[in-house]
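Take a look at the letters that make up each chain.
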Amino acid sequence: MKSFAYSRATSNAQALEAARARGTQFLAGGTNLVDLMKYQVEQPVTLVDINHLALTEISQIDGGGISIGAMVRNSDLANHPLVRTNYPLLSQALLSGASPQLRNMASTGGNLMQRTRCYYFNDISFSACNKRAPGSGCAALEGYNRIHAILGQTDKGPTSGETCIATHPSDMCVAMAALQATVEVEGRGGRRTIPFAEFHRLPGNDPSRDTTLREGELITAVTLPSAKFAKNAFYLKARDRNSYAFALISVAAGLEMEGTTIRSAGLAMGGVAHKPWRIPEAEKALAGQLASPENFAHAADILLHGAHGYEHNRFKIELAKQGVVRALTVAAQGTSEVA
Amino acid sequence: MTPFTNKPSPSQPHADNTEVLTDVLEPRICASELNAESAEEIEELERHGLLSEISRRRFIQASSALAASLAFGMPGFIEAQEATHNATVTLKVNGKPQTLSLDSRTSLLDALREHMDMTGTKKGCDHGQCGACTVLIDGRRVNSCLTLAFVSEGAEITTIEGLAKTSDPKAIEDLSAVQAAFLMHDGYQCGYCTPGQIISATAAITEQQKGELSIVSWHSGKNDQPELTDDEIRERMSGNICRCGAYPNIVAAVRAASKGASA
Ligand SMILES: Cc1cc2nc3c(=O)[nH]c(=O)nc-3n(C[C@H](O)[C@H](O)[C@H](O)COP(=O)(O)OP(=O)(O)OC[C@H]3O[C@@H](n4cnc5c(N)ncnc54)[C@H](O)[C@@H]3O)c2cc1C
Ligand code: FES
Ligand code: FES
């Protein structure tokens, strides 16, 4: 690990001021950042510990939604009465991720900002990784790409400086995408609100950037709109072992039902792209329709449109389609009927 | 241990054992050692994405520092190197505050094991993947390998050494219910993962008593006040890997302890 200076911030203003210096990173739970520092993938000059900021509240907001402080831990968020009752999709997604120990440490802001688990990004002994070393190429494209993207990736060959088939590994973010959350951030120039769909980005021609957060900006909260999917929600996670493993594919499905008819839907996939994968047309296609296997399969086709796999991850395309149908089917049966 | 990835191993440069060695040595290498190498050269290597080359060179430097200290019989040689960011930190472990001078890079795990002589807490993977390093911070279970010592200043840290009812337990009655249950149920083989398992189980039982959910609670429709069924125990204990596969007995021990029994 590279040496770094450590400081503790006790106010947002202090944290933002400290973040002006080059090479400064905020330290929340540390479960991703400290890990990556050990691998020398991240080499901050200064760490600003934000664990003592007053960002730990979950509160109701006008219009019926909730606001989640950036330092709320994943375990506390999953177990908060408002989340359990109104946003079971989020609780399920959180509890599907990592381990109890890690969830006690992991924060809401840190989870949003966690980096890809691409083997080649995480191991500096591979020289080609456009995300870690811009312009160096992509070792995953012709490497072992089982956990990699099938949608929205940039593929211009292994030596192109634009190629990237990394995925965003978060479970929490997939639920937040389906719930149409917004991210509240604060910079030295003021505050702004970023719709969830615009927070994470596709690699485009710059795979080094995961999000649209600007240098030095602090995430202060995530807000969720009023709950629509409390009664019919299911988070499906397919992985190589049943616990303590990242998703190969995951599906967050929320339905607002009227008898057997769908009034509205929230639908997103994880493990398939550089960001949580949500196509509003798939949700629209479900609205007003019967909760039937055919309609679910149609939504899956819209979501998976244009999917392209590689040597080791082609199976994900069919797995994702089946996963979408399954998640919607279980959601339609009711949140507490999932067994 | 890398349970998350079927990672293809890179042909170079570090086999597992070198990685461990680098880990042990690296925190003690100070910036001046690298001065021999021009900053430009490093930048050039970085520009070409040749980070592995940089890390290889650092490793060689570290190894020669070690070799030198061994050859000249100066065990304090590496330790005496000035670390770049040292500071005084007070850690409160099992009720007792201790003030240490630590490099900012020191994990809570290394602080406990290397600086406080508390070797009960184990290092398995050093990357959050095994749970051997589990401790309680303010009553919550966390991985001490991913917790920086500086971050845990001001918190109440509980390790396996602090679980028993007395400071010097002599009989099974002196142990905590979970410790006793692991003994009674043979919840281990080699015992390496056991401190982490016991700390984790202690917290898991408290969490369940507070009504906290796991994904199994949702999947079994018990998302109100879940009971500690064996499925629940397995899921809630899944942050602790046992390489010996003592899982059935671990589940039995946790089940017994959760019912207030040891046997
Ligand atoms: C073994 C293991 C298994 C895991 N399994 C899963 C899994 O199955 N599913 C899953 O979803 N996740 C999984 N995770 C990832 C885990 O969820 C993330 O590491 C965690 O959410 C990161 O949160 P943190 O608070 O620890 O972030 P940190 O590590 O502290 O920070 C991560 C990044 O976010 C930045 N950051 C943090 N807070 C803010 C803020 N408020 N504003 C701006 N920037 C900020 C930091 O600067 C840093 O760049 C796993 C992790 C490990 C180690
Ligand atoms: S040593 Fe393996 S999780 Fe910390
Ligand atoms: S008893 Fe040997 S690793 Fe668990």
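What this report covers is the structure whose coordinates are included nearby. (Residues numbered from 1 in each chain as written. Chains lettered and ligands numbered in written order. Predicted model: local features only at pLDDT ≥ 70, side-chain atom pairs only at ≥ 80, totals over all residues. Heavy atoms only, no water.)

### What to know about the site of ligand 1
Phase 1 of the analysis: Close to ligand 1 lie 37 residues, the nearest being Phe26, Gly30, Thr31, Ser107 and Asp171 of chain A.
Phase 2 of the analysis: Close to ligand 1, residues of chains A and B are found.
Phase 3 of the analysis: Here Asn111 of chain A contributes a backbone N or O atom positioned 3.4 Å from an oxygen atom of ligand 1.
Phase 4 of the analysis: A distance of 3.0 Å separates an oxygen atom of ligand 1 from a polar side-chain atom of Lys237 of chain A.
Phase 5 of the analysis: Within the complex, 97% of the 980 Å² of free accessible area of ligand 1 lies under protein.
Phase 6 of the analysis: At the level of elements, strand E2 (24-27), helix H7 (108-113) and strand E8 (218-224) of chain A are the ones that each hand at least two residues to the shell around ligand 1.
Phase 7 of the analysis: Per-element tally for the shell around ligand 1: the top contributor is H7 of chain A, with four residues.
Phase 8 of the analysis: Residues that form the shell around ligand 1 fall into these classes: 17 nonpolar, 16 polar and four charged. (Near = heavy atom within 4 Å. Polar contact = N/O pair within 3.5 Å; in protein donor to acceptor, adjacent residues only side chain to side chain. Areas by Shrake-Rupley, 256 points an atom, 1.4 Å probe, with all protein chains shown as cover. Helix = DSSP H or I, 4+ residues; strand = E, 2+ residues; numbered from the N terminus. Nonpolar A, V, L, I, M, F, W, Y, C, P; charged D, E, K, R; others polar.)

### Concerning the pairing of strand E3 (residues 134-137) of chain B
All names here are of chain B.
Phase 1 of the analysis: A two-sided burial pattern is seen for E3, the buried positions comprising Thr134 and Leu136 on one face and Val135 and Ile137 on the other.
Phase 2 of the analysis: Bridge count between E3 and strand E4 (residues 140-143): four bridges; the pairing is antiparallel. Residue pairing for E4: Thr134 is matched across the bridge by Asn143.
Phase 3 of the analysis: In this structure, the hairpin formed by E3 and E4 is closed by a connection of two residues, where Asp138 is found at a positive phi of approximately 50°.
Phase 4 of the analysis: By the bridge criterion, two bridges tie E3 to strand E5 (residues 156-158) in an arrangement that is antiparallel. Pairing of Ile137 across the sheet is with Ile157, part of E5. (Buried < 20%, exposed > 50% of the residue type's maximum accessible area, 1.4 Å probe, protein only. Pairing = 2+ DSSP bridges.)

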